[in-house]
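Tertiary structure, described
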Amino acid sequence: ENDAAYNSDLRCKAAVDTGTSLITGPSEAINKLQDMMGQVTNCEDLSAMPTVTFMIDGIKYPLTPEQYVLQFPAEDSQPASCLLGFKALDVPPPRGPLWVLGDVFLRGYFSVFDRSKSRIGLTVADVSPSAVNDPTPYSATQEELPVGIDTDDPIV
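Here, residues in each chain are numbered from 1, in the same order as that chain's written sequence. At least 70 in pLDDT is required for a residue's local features to be given in this predicted model, at least 80 for side-chain atom pairs to be given and counted, and no such filter applies to totals for whole chains, interfaces and linings, which use all residues. Hydrogens and waters are ignored; side-chain quantities use all the structure's heavy atoms.

**A look at the overall build of the protein chain**
Summing up its helical and strand segments, the protein chain has four helices and eleven strands in all. Summary of the burial criterion: residues with accessible area below 20% of their type's maximum are buried, those above 50% are exposed, and those between are partly exposed, where the area comes from a 1.4 Å probe applied to protein chains only. Out of the 156 residues in the protein chain, the part that is buried amounts to 33%. Contacts are residue-level and defined by heavy atoms, with any inter-residue pair within 4.5 Å sufficient. In the protein chain, of all internal contacts separated by at least 6 residues, the share reaching a separation of at least 24 is 66%. The way it works is that DSSP assigns letters per residue, a run of H or I at least four long becomes a helix, a run of E at least two long becomes a strand, and they are numbered from the N terminus.

Structure, rendered in structure tokens:
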């Protein structure tokens, strides 16, 4: 839908990683994103930035600027600052090219790791105050697992 599209006609690999802070991807794609967005220096200009959408197995997972821009409040004598939540990481074949969807992505999506069927389910995270204050744990049978990523290889 815009010129920042990466690999639109071919499949590429992705990993969902709770131990990675940012979203990493092939330098060619990340450079396109960063060129399109420019340097983020003012956290108040986020409304002019685009929504970034990841397409995983035909399902769109949009991230708003408020989700993919890390915002750091003013502290001591330092002013507030912002940082794009994307970083270039070139993983060579056969494991790559690879996108790693870390915490920047996972803040917006609830994830279920189903090791028995080697799949990951993703659905929009409910971060409303009523959901945050509700201690009811999420539970699902394997048949109810949200649609998401099917992996070819077992999740290790």
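**Re the packing of aromatic side chains**
Ring pairs are drawn from Phe, Tyr and Trp, using the six-membered ring of Trp, whenever the two centres fall within 6.5 Å, and their geometry is named by plane angle: stacked under 30 degrees, edge-to-face over 60, tilted for the rest. This model, assessed by the stated rule, comprises six aromatic pairs. Both rings, one in Tyr 61 and one in Tyr 109, keep their centres 5.2 Å apart while their planes meet at 85 degrees; by these two values the pair is edge-to-face. Here Tyr 61, found in strand β4 (residues 59-63), pairs with Tyr 109, found in strand β9 (residues 109-114); they are 48 residues apart in sequence, far enough to count as distant. The same class applies to Tyr 61 as to Tyr 109, namely buried. A centroid spacing of 5.4 Å and a plane angle of 50 degrees characterise the contact between Tyr 68 and Phe 86, whose relative ring orientation is tilted. With Tyr 68 in helix α2 (residues 65-68) and Phe 86 in strand β7 (residues 86-88), this pair connects stretches of sequence that are 18 residues apart. Here Tyr 68 matches Phe 86 in class, with each residue buried. Members of the aromatic cluster, connected to one another through ring pairs, are Phe 54, Tyr 61, Trp 99, Phe 105 and Tyr 109.

**As for unusual backbone geometry**
Keep in mind that most residues, glycine aside, have a negative phi and that most peptide bonds are trans. Residues Pro 93 and Pro 94 are joined by a peptide bond in cis, for which omega reads 10 degrees. Position of Pro 94 relative to the elements: it lies in the loop between β7 and β8 (98-101). A cis amide bond, omega 0 degrees, links Gly 96 with the succeeding residue Pro 97. Its location among the elements puts Pro 97 in the loop between β7 and β8. For Asp 76, which is not glycine, the phi torsion reads 50 degrees and is therefore positive. Structurally, Asp 76 is set in the loop between β5 (69-72) and β6 (81-84). For Asp 76, a relative accessible area of 80% translates into the label exposed.

**As for the sheet that holds strand β2 (residues 23-25)**
One open sheet holds the four strands; their spatial order is β1-β8-β2-β7, and the pairing between them is mixed. Because the sheet does not close on itself, it has two edges, and the strands there are β1 (13-16) and β7. On average, each strand axis in the sheet is tilted by 15 degrees relative to the strand beside it, whichever way the strands run. Only strands joined by at least two bridges in the DSSP assignment are considered to pair. The sheet contact formed by β2 and β8 spans two bridges and is antiparallel. Bridged to Thr 24 within β8 is Val 100. Lying on the sheet, helix α1 (residues 27-37) is in contact with β2, β7 and β8; it crosses β7 at an angle near 135 degrees. Throughout, an axis means a line fitted to C-alpha atoms (over the contacting stretch in the case of helices), and angles, computed between N-to-C directions, take values from 0 to 180 degrees.

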